[in-house]
Amino acid sequence: MSTIDHPIKSSIDFAKDGIQHGFLRLPYSRNDSAWGAILIPIVQFKHGQGSTALITGANHGDEYEGPIALYNFVQRTDLASFQGRVIIIPAMNYPAFQAGTRVSPLDHLNMNRIFPGKVDGSVTQVLADYFSRILLPLADYVLDIHSGGKTLDFLPFATCHELENKPQQVECEAAMQAFGAPYTLKLLEDTRGMYDHQAESMGKIFVSTELGGGGTAHPHSIAIAKQGIENFLIHAGILKQADSIQATTSQHLVMDQYSYVFSEHQGLLEPCVTLGEIVEVAQLIARIHSIERTDQKPHAYYAPRSGIIMARHVPSLIKMGDCLQVIAGLEH
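Small disclaimer: the values here were computed from a predicted structure and weren't measured.

A.B. asks: Account for the environment of Leu233, with residues named and values stated.
C.D. replies: Inspection of the secondary structure puts Leu233 in helix α6 (residues 219–235). In this structure Leu233 comes out as buried when scored by relative accessible area, which is 0%. Leaving out residues up to four positions away in the same chain, Leu233 has contacts with Ala53, Ile55, Phe73, Val86, Ile238 and Leu239.

As structure tokens, this is what we get:
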């Protein structure tokens, strides 16, 4: 266990070989439990010397491909297949995961926007601080599995960032490719407060994903997550390669300032194109109907660029400011 004094305590010994199932225990006094605690499941596989991978799901609590794949992975008993260490937290933002919400119901914070966290802050801030202060320093490779949650649906892709540290970026790109998602995407974005930025700022080889969404999971996206975890660990040199590993050729996506289409109206969304469809610039992609009146014509939305529909808004009711669709270019 770490010698750093932290309110979160781990029931597993990070230095010990073997397979350990346990909890991260965060004291949380509340109306129904005066001396209560939040217990977050954690699993470690450690066998000999080697790299360490930290793998997480449910950074947002309504994203399910990661937790499903990881709750499956942690049933493994083949310790001899590992060389090094894998730390797995299937549901990183556990209070949000239990509630099925994007942000925590305890403090209404988005975990992926408040890193590095705060050791004396609210529940989500303390969790983020534990990752920043305790878990990330242990890791060489970091994989954070996302999907679109209840409000977005994505083509399944793995992603990394454009980084100032180009040797680090090259390693992140290689790990992204190794994951083996059908699509890959390299992002240049403002990542302040994100887990991504925290891991990258500490020099870690970091990969994230978007593997579907709609507030549920499907066999196809779950299979991508399951295989991707194994591919990632094989690439890291931690998991011995199995005969069943399937090579995947990924299509690389590119984005620019015209990729995002945001709703400027509120009402009933009528999609005119489907996820994964190729569109041309100025093509009709959606209509939004007023639900208050029947004498108003729907508001039409047209593609600001050509490309592939990479993401779409999921609920059929939409509000002003919601992300309606994302159109990515295909790199040839």
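A.B. asks: Which residues make up the packing of helix α1 (residues 65–73) against α6, and what values do they have?
C.D. replies: For the pair α1 and α6, the least separation of the axes is 9 Å and the interaxial angle reads 60 degrees. Classified by the angle their axes make, α1 and α6 are oblique. In this structure, α1 crosses over α6, and the sense of that crossing is right-handed. Here Glu65, Ile68, Ala69, Leu70, Asn72 and Phe73 of α1 lie close against α6, whose contacting residues are Ser221, Ile222, Ala225, Lys226, Ile229, Glu230 and Leu233.

A.B. asks: Talk me through the pairing of strand β9 (residues 183–187); I want residue IDs and the actual numbers.
C.D. replies: Taking burial as the measure, the five residues of β9 include four buried ones, the bulk of the element. Note that strand β8 (residues 157–161) and β9 share five bridges and pair parallel. From the neighbouring strand, Ala158 faces β9, where its bridge partner is Thr184. Handedness of the β8-helix α4 (residues 166–179)-β9 crossover: right-handed.

A.B. asks: Would you mind going over the state of the cysteines in detail, with residue names and values included?
C.D. replies: Overall, the coordinates contain zero disulfides when judged by the stated rule. Of all cysteine sulfurs in the structure, the one in Cys323 sits closest to Cys272, which takes part in no disulfide; the separation is 16 Å. According to the relative accessible area criterion, Cys272 is partly exposed, its value standing at 28%.

A.B. asks: I'd love a proper account of the side chain of Thr159, names of residues and values included.
C.D. replies: Here Thr159 lies in strand β8. Of the polar contacts made by the side chain of Thr159, one reaches the backbone oxygen of Leu185; its length is 2.7 Å. In this view, Thr159 contacts Met176, Leu185, Leu187, Val207, Ser208 and Thr209; residues no more than four positions away in its chain are not counted.

A.B. asks: Tell me what's going on with the pairing of strand β5 (residues 84–89), and back it up with residues and numbers.
C.D. replies: Remark: a regular strand shows side chains that alternate across the two faces of the sheet. Within β5, six of the six residues are buried, which leaves the element mostly enclosed by the surrounding structure. Taking every second residue as pointing to the same face, both faces of β5 are buried, with Gly84, Val86 and Ile88 on one and Arg85, Ile87 and Ile89 on the other. For the crossover that starts at strand β4 (residues 52–57), traverses α1 and ends in the parallel β5, the hand is right-handed.

A.B. asks: So what's going on with helix α3 (residues 123–135)? Residues and values would help.
C.D. replies: Between the first and last C-alpha of α3 there are 17 Å, a value that for 13 residues agrees with the 18 Å anticipated at 1.5 Å per step. Of all 13 residues in α3, 11 are buried; the element is thus mostly enclosed. Residues of α3 that are buried include every one of Val123, Thr124, Val126, Leu127, Ala128, Asp129, Tyr130, Phe131, Ser132, Ile134 and Leu135, and no others.

A.B. asks: Just give me the short version of the packing of aromatic side chains, but keep the residues and values in it.
C.D. replies: A full pass over the atoms with the stated rule returns 11 aromatic pairs. On the basis of an interplanar angle of 50 degrees and a centroid distance of 6.4 Å, the ring pair of Tyr64 and Phe97 is categorised as tilted. In this pair, Tyr64 is assigned in the loop between β4 and α1 and Phe97 in helix α2 (residues 94–99), connecting sequence segments 33 residues apart. Relative accessible area serves as the criterion here: at 19%, Tyr64 is assigned to the buried category. Among the aromatic residues, those joined into a cluster by ring pairs are Phe115, Phe131, Tyr195 and Phe206.

Calculation criteria
- Residues numbered from 1 in each chain as written.
- Predicted model: local features only at pLDDT ≥ 70, side-chain atom pairs only at ≥ 80, totals over all residues.
- Heavy atoms only, no water.
- Helix = DSSP H or I, 4+ residues; strand = E, 2+ residues; numbered from the N terminus.
- Buried < 20%, exposed > 50% of the residue type's maximum accessible area, 1.4 Å probe, protein only.
- Contact = heavy atoms within 4.5 Å.
- Axes fitted to C-alpha atoms, helices over the stretch in contact; angles between N-to-C directions.
- Parallel < 35°, antiparallel > 145°, perpendicular 65-115°, else oblique.
- Left-handed = near helix turned anticlockwise from the far one by under 90°.
- Pairing = 2+ DSSP bridges.
- Right-handed = clockwise from strand over helix to strand, strands pointing away.
- Disulfide = S-S within 2.5 Å.
- Polar contact = N/O pair within 3.5 Å; in protein donor to acceptor, adjacent residues only side chain to side chain.
- Expected span 1.5 Å × (residues − 1).
- Phe/Tyr/Trp six-rings, centres within 6.5 Å; stacked < 30°, edge-to-face > 60°.

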